[in-house]
Amino acid sequence: MKKSRKGREKRKGRMPGYVAEAAVLGAVVLVMAGAIFFGNPPKAAAVFLRRAAEVKCAAPEEGAAWLRQQGWEVEETPTGQMEVLVPAVFDQIYESYNDIQKAQGFDISRYKGETVTKYTYLVKNYPQEQDGVAANLLVYQGRIIGADLCSLELGGFLKGAKAK
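Just so it is clear, the model here is predicted, and its values are computed rather than measured.

Rules used throughout
Residues numbered from 1 in each chain as written. Predicted model: local features only at pLDDT ≥ 70, side-chain atom pairs only at ≥ 80, totals over all residues. Heavy atoms only, no water. Helix = DSSP H or I, 4+ residues; strand = E, 2+ residues; numbered from the N terminus. Expected span 1.5 Å × (residues − 1). Buried < 20%, exposed > 50% of the residue type's maximum accessible area, 1.4 Å probe, protein only. Arc of directions from axis to C-beta. Contact = heavy atoms within 4.5 Å. Polar contact = N/O pair within 3.5 Å; in protein donor to acceptor, adjacent residues only side chain to side chain. Pairing = 2+ DSSP bridges. 1 Å grid on protein atoms, 1.4 Å probe; cavity = no way out; pocket = protein on both sides within 12 Å on 5 of 7 lines; lining within 4 Å. Points joined across faces, edges and corners; volume = space filled by probe spheres on them.

1. Let's talk about helix H4 (residues 92–103)
Here comes step 1: Between its terminal C-alpha atoms H4 stretches 17 Å, which fits the 16 Å expected from 12 residues at 1.5 Å a residue.
Here comes step 2: Residues of H4 that are buried: Tyr97, Asn98 and Gln101. Down the axis of H4, the sector holding all buried residues measures 100 degrees, keeping them to one side. Residues Gln92 and Ala103 are exposed on H4 and point more than 90 degrees away from its buried face.
Here comes step 3: Structurally, H4 contributes buried residues whose contacts are with strand S4 (133–140), strand S5 (143–151) and strand S6 (158–160).
Here comes step 4: Of the residues that open H4, the one with a side-chain oxygen 3.1 Å from the backbone nitrogen of Ile93 is Asp91.
Here comes step 5: Positioned one or two residues after H4, Gly105 has a phi angle of 100 degrees, which is positive.

2. Things to note about unusual backbone geometry
Here comes step 1: Non-glycine residue Gln128 carries a positive phi angle of around 55 degrees.
Here comes step 2: Along the chain, Gln128 falls in the loop between strand S3 (115–123) and S4.
Here comes step 3: For Gln141, which is not glycine, the phi dihedral falls at a positive 50 degrees.
Here comes step 4: In this structure, Gln141 sits in the loop between S4 and S5.

3. Remarks on the pairing of S3
Here comes step 1: With six bridges connecting them, strand S2 (residues 80–85) and S3 associate as antiparallel partners. Its bridge partner lying in S3, Val84 is registered against Val116.

4. Focus on the layout of surface pockets
Here comes step 1: Quantified by volume, the largest pocket comes out at close to 160 Å³.
Here comes step 2: If you go around the largest pocket, the residues you meet are Val84, Val86, Tyr94, Tyr97, Ile108, Lys118, Asn136, Leu138, Asp148 and Leu158.
Here comes step 3: Counting residues per element, the ones that place at least two in the lining of the largest pocket are H4 and S4.

Rendered as structure tokens:
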């Protein structure tokens, strides 16, 4: 093999290391993009896409701002705030609740066993609901990880808070 001026061996027919790495990275990006746009994304891409739904919420006022972006009229200050433990094992109720979250792009199963903050806001503009409606946000480390609207009426509804 020939040696370059700096004493390194030159290999015939081989790309420099950084060119090969860039080519591999480009191929991975193309495969992931194709899988995402044409169906069946790899699990790593799915996790990334779910996390993209999470929104910054370092203070209750940011949670109120997010709810207003979804079309809900709420006060700047929540009517309630509490720490909630996400169970390490989900029962059927939590599985159903997480299905509501997944439909909005959230996934609280990633936070099993973690303590999260729950902010509750009174929704002022929910139509035809006499007893009122509450919006609940689940926040972990300054990010919204779940959101719901629930009727304050006994036997009322529970649904996602994110605008469709």
